[in-house]
Amino acid sequence: MVKVVSVHSFRGGTGKSNTTANLAATVARHGKRVGIVDTDIQSPGIHVLFGFDESHMNLALNDYLWGRCSVEEAAYDVSHVLHETGAAGSAIYLIPSSLKAGEIARVLREGYDVGLLNDGFQGLIQQLNLDFLFIDTHPGLNEETLLSITISDVLLLIMRPDRQDFQGTAVTVDIARRLEVPKMLLMVNKALSSFDFAALKSEVEATYGVPVASILPLTEEMIQLGSSDIFSLRFPDHPLTQIYAHIANLLLD
Ligand SMILES: Nc1ncnc2c1ncn2[C@@H]1O[C@H](COP(=O)(O)OP(=O)(O)OP(=O)(O)O)[C@@H](O)[C@H]1O
Ligand SMILES: [Mg+2]
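Keep in mind that this is a model prediction, so the values were computed, not measured. Here the residue index of a chain counts from 1 through its sequence in written order. Chains carry letters and ligands carry numbers; both start at the beginning, A for chains and 1 for ligands, and go up in the order they are written. With the structure being a predicted model, the display of local features is reserved for residues of pLDDT at least 70 and the display and counting of side-chain atom pairs for 80 or more, all residues being used for whole-chain, interface and lining totals.

So, the overall build of the protein chain
Check the secondary structure of the protein chain and you find eleven helices and eight strands. We take the radius of gyration over the C-alpha atoms and set the globule estimate at 2.2 Å times the residue count to the 0.38 power. Over its C-alpha atoms the protein chain spans a radius of gyration of 17 Å, differing by no more than 12% from the 18 Å that the globule rule assigns to 253 residues. When its C-alpha atoms are laid out on the principal axes, the protein chain stretches across 50 × 40 × 35 Å. Across the 253 residues that make up the protein chain, the buried fraction comes to 43%. Partitioning the contacts of the protein chain with sequence separation of at least 6, the portion at a separation of at least 24 is 77%. Strands are runs of DSSP state E lasting at least two residues, helices are runs of H or I lasting at least four, and both sets are numbered from the N terminus onward. Our exposure labels follow a C-beta count within 10 Å of each residue's own C-beta, placed from the backbone: buried means 20 or more other C-beta atoms, exposed means 12 or fewer, and partly exposed covers the counts in between. Residues are defined as contacting one another if the C-beta atoms placed from their backbone atoms lie within 7 Å.

A few points about the site of ligand 1
For each residue, a C-beta position is placed from the backbone atoms; the residue is near a molecule or strand when that point lies within 6 Å of it. Around ligand 1, a shell composed of 21 residues is seen, among which Gly12, Gly15, Lys16, Ser17 and Asn18 lie nearest. Elements represented by at least two residues in the shell around ligand 1 include exactly helix H1 (16-29), strand S7 (183-191) and helix H9 (220-225). The element contributing the most residues to the shell around ligand 1 is H1, with three residues. Put simply, Ala, Val, Leu, Ile, Met, Phe, Trp, Tyr, Cys and Pro go in the nonpolar bin, Asp, Glu, Lys and Arg in the charged bin, and everything else, Gly too, in the polar bin. Looking at the shell around ligand 1 residue by residue, the class counts come to five nonpolar, 13 polar and three charged.

Some points on the packing of helix H5 (residues 114-127) against helix H6 (residues 143-151)
Simply put, an axis is a line fit to the C-alpha atoms, just over the touching stretch for a helix, and the angle between two N-to-C directions goes from 0 to 180 degrees. Between H5 and H6, the least distance of the axes is 10 Å, while the angle of their chain directions is 40 degrees. By the angle between their directions, the pair H5 and H6 is classed as oblique. As for the relative orientation of H5 and H6, their crossing is right-handed in sense. Contacts between H5 and H6 involve Val114, Leu117, Asn118 and Phe121 on the former and, on the latter, Glu143, Glu144, Leu147 and Ile151. A class-by-class count of the residues in the contact of H5 with H6 yields five nonpolar, one polar and two charged. Angles are sorted into four bins: roughly parallel if under 35 degrees, roughly antiparallel if over 145, roughly perpendicular if 65 to 115, and oblique for all others. A crossing counts as left-handed when the near helix is turned anticlockwise from the far one by less than a right angle, and as right-handed when that turn is clockwise.

Looking at the environment of Leu128
Among the structural elements, Leu128 can be located in the loop between H5 and strand S5 (132-136). Exposure remark for Leu128: the 20 C-beta atoms within 10 Å place this residue in the buried category. Between the C-alpha atoms of Leu128 and Ala75, which are 53 residues apart in sequence, the distance is 9.1 Å. Aside from chain neighbours lying at most four places away, what touches Leu128 is Arg33, Gly35, Glu72, Ala75 and Tyr93.

Section: unusual backbone geometry
Even without being glycine, Glu84 reaches a positive phi, approximately 60 degrees. Following the sequence through the fold, Glu84 ends up in the loop between strand S3 (76-77) and strand S4 (91-95).

Structural notes on the pairing of strand S2 (residues 33-38)
The buried count for S2 comes to six of six residues, which makes it a mostly enclosed element. Residue alternation in S2 divides its side chains into two sets, Arg33, Gly35 and Val37 and Val34, Ile36 and Asp38, and both sets are buried. At least two DSSP bridges between two strands are needed for those strands to be called paired. As paired elements, S2 and S4 share five bridges and run parallel to each other. Note on S4: the bridge partner recorded for Val37 is Ile95.

Focus on the packing of H1 against helix H11 (residues 239-252)
Their axes nearest at 9 Å, the elements H1 and H11 cross at an angle of 65 degrees. By crossing handedness, the relation of H1 to H11 is classed as right-handed. Of the residues in H11, those touching H1 at Asn22, Leu23, Thr26 and Val27 are Tyr244, Ala245, Ile247, Ala248, Leu251 and Leu252. The residue makeup of the contact of H1 with H11, split by class, is eight nonpolar, two polar and no charged.

Next up, the structure:
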């Protein structure tokens, strides 16, 4: 059975794309077939972490949503990022969103059929025989985010230790409960190492009544990497990589 995992946050810049890429790569290394869809159509970016050359992006999710191609035609095999460190059967497919200004403007102007996005997810799962589908979302609550939450088996909500994030996450948790997401996990990212991680975890869990998968420290090497690579593959022995492995195990369970 496929598992659909949406990675979301109410506010931007929390680490959704980096988390999605790292969890997808970690899960894939266990011999899983993994798809990643960039539903952040307004401000796409996860392809950058896979070293994806935009000039080779002939077809994107946008083309599928405009009826120009089938969804699997917009899927790119990016398994080479694993450098054969994955178990037999490992595969990662990326469905990027277009960076062309005209394509983005059209979505913002005209919208698109969100039902088609759902059909696209189902098509990918079947055609690519996926074990996992990761959905990297646009921050905040919009139609495609609501759809992604609705169809998810797991919703991973990311927040920073910041009052604005706390409030926005409360709204999102409330909506996800109403949409009856089977499993919700919180992740606190960019915590200063001087913080009391155990106390922060307890506080967040008590506030939302949702388990915290992990608290991730603000990590200098991640900032240095600047989305040029997938952290856990570049730094296999780093403590942050072990945290990604822990969260990946929760998804694999
Ligand atoms: N634990 C961390 N420590 C330090 N920097 C981090 C950490 N996690 C993410 N970052 C950095 O934060 C920035 C934003 O990360 P990312 O693009 O993954 O966030 P996002 O939530 O997808 O953003 P957007 O809402 O714009 O899509 C990146 O520069 C990334 O390197
Ligand atoms: Mg992002």
